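# Architecture and fold: a report
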Amino acid sequence: MLTVRTLRVAKDEARRAVEPLAAPGAFVRPEDPPDRLANTMWVGAAEALGCLGLKAGTEAKTGALAAAIAGQHTISGARVRGDGAAFDLTFLVPPSVSWVWAQRRADLRVRVEKTVVDAAYHCLQYLIRKLRGDSVATVPGFAAAVALHAVGQPQHQAPPPPLLHVHSYLVGVLDEFGELRGPRRSSLFEDDVVLASGAFGRAKLAEDLRGLGFGTEVVSGRDGRLSFEISGVPEGLLRVGESADKGCAGLGQETDLEPWEPVPPEPDPWEPDPWETDPWESPWRNG
């Protein structure tokens, strides 16, 4: 499943992204090796990230992430995103993947985490290509941070079921003039952009998990759409995973809807009324 939501209060969003109690590292066992990858990382094109003073592959920390969400240079504080907002595109894995991850040894857990992040990243690339309408394989330059979480939200009562998901914080894309801009929110709901991107991410994840030796089987989700689960996980666990409070993974608008079912847009101070926007206008520019 893929959800999307507009990022509003930059500092709060950044703190939620790097929350250590939500990261896989919070579940390290005493026998696990001490070195783990950071759960938040900058991804994208050097040119787009450079507009924000960032580099791909480096850890996304709270201050820099807050600045980027606000469209500001992470060092000078100058506003560098011409218009548009930043978005959280959350990729949620099937419940069986989270349960299998929670039960395996440390080295396999790390490999599963990498496949989940890789699937979310490919999902993001596919979405951006679809938004731009590019038929070639080249992905337009974009800047984003990916954050891997293992629970929906830190809980102070009974521990929630495992819930692997990746937040892709899309903070800007280079337009045809090389300027950093945010997409119109309405463009994310046009046609089948997010729906197709989520399906692409799930297919990539299933393929990579099979490469790790897991068996997968096609299932019908609660909404009737086809998905997959890892073979052999008890159905009772899957029901628990589906009914669990998704916390931060459930804050977005679920976009696995039929493309002809319009989703009411949220008011956005950075963009015009989407219902008054020329449908042929580039999603990266306003006016």
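Quick caveat: nothing in here was measured; it's all calculated off a predicted structure. (Residues numbered from 1 in each chain as written. Predicted model: local features only at pLDDT ≥ 70, side-chain atom pairs only at ≥ 80, totals over all residues. Heavy atoms only, no water.)

To continue, consider the environment of Lys61. Along the chain, Lys61 turns up in the loop between α2 (46-50) and α3 (62-69). The sequence separation of Lys61 and Ala38 amounts to 23 residues, and the corresponding C-alpha distance is 9.8 Å. (Helix = DSSP H or I, 4+ residues; strand = E, 2+ residues; numbered from the N terminus.)

Angle between the axes and distance between the axes are the two parameters that describe a pair of packed helices. Their axes nearest at 8 Å, the elements helix α5 (residues 106-132) and helix α6 (residues 193-211) cross at an angle of 150°. The angle between α5 and α6 falls in the class roughly antiparallel. As for the relative orientation of α5 and α6, their crossing is right-handed in sense. For the pair formed by α5 and α6, the contact residues are Thr115, Val116, Asp118, Ala119, His122, Cys123, Tyr126, Leu127, Lys130 and Leu131 on the first element and Val193, Val194, Ala196, Ser197, Gly198, Phe200, Gly201, Lys204, Leu205, Asp208 and Leu209 on the second. (Axes fitted to C-alpha atoms, helices over the stretch in contact; angles between N-to-C directions. Parallel < 35°, antiparallel > 145°, perpendicular 65-115°, else oblique. Left-handed = near helix turned anticlockwise from the far one by under 90°. Contact = heavy atoms within 4.5 Å.)

We now examine empty space enclosed by the protein. For the structure on display, the rule yields 3 cavities of 30 Å³ or more. When its volume is computed, the second largest cavity comes out at roughly 50 Å³. In terms of lining residues, the second largest cavity is bounded by Leu2, Leu89, Phe91, Ala120, Cys123, Leu124, Leu127 and Ser168. Mapped onto the lining of the second largest cavity, the elements with two or more residues apiece are β3 (87-92) and α5. It is α5 that provides the largest number of residues to the lining of the second largest cavity, a total of 4 residues. (1 Å grid on protein atoms, 1.4 Å probe; cavity = no way out; pocket = protein on both sides within 12 Å on 5 of 7 lines; lining within 4 Å. Points joined across faces, edges and corners; volume = space filled by probe spheres on them.)

This part takes up the nonpolar core. Core analysis: the largest hydrophobic core is formed by 43 residues, its most contacted members being Val116 and Leu127. For this core, the element with the most residues is α5, which contributes 10 residues. Val116 has contacts with Phe91, Val93, Val97, Leu148, Leu164, Val166 and Leu205, leaving out every residue within four places of it along the chain. Formed by 23 residues, the second largest nonpolar core is a distinct cluster that contains Ala17, Leu49, Leu54 and Ala68. (Core = buried A, V, L, I, M, F, W, Y, C linked by side-chain atoms within 4.5 Å. Buried < 20%, exposed > 50% of the residue type's maximum accessible area, 1.4 Å probe, protein only.)

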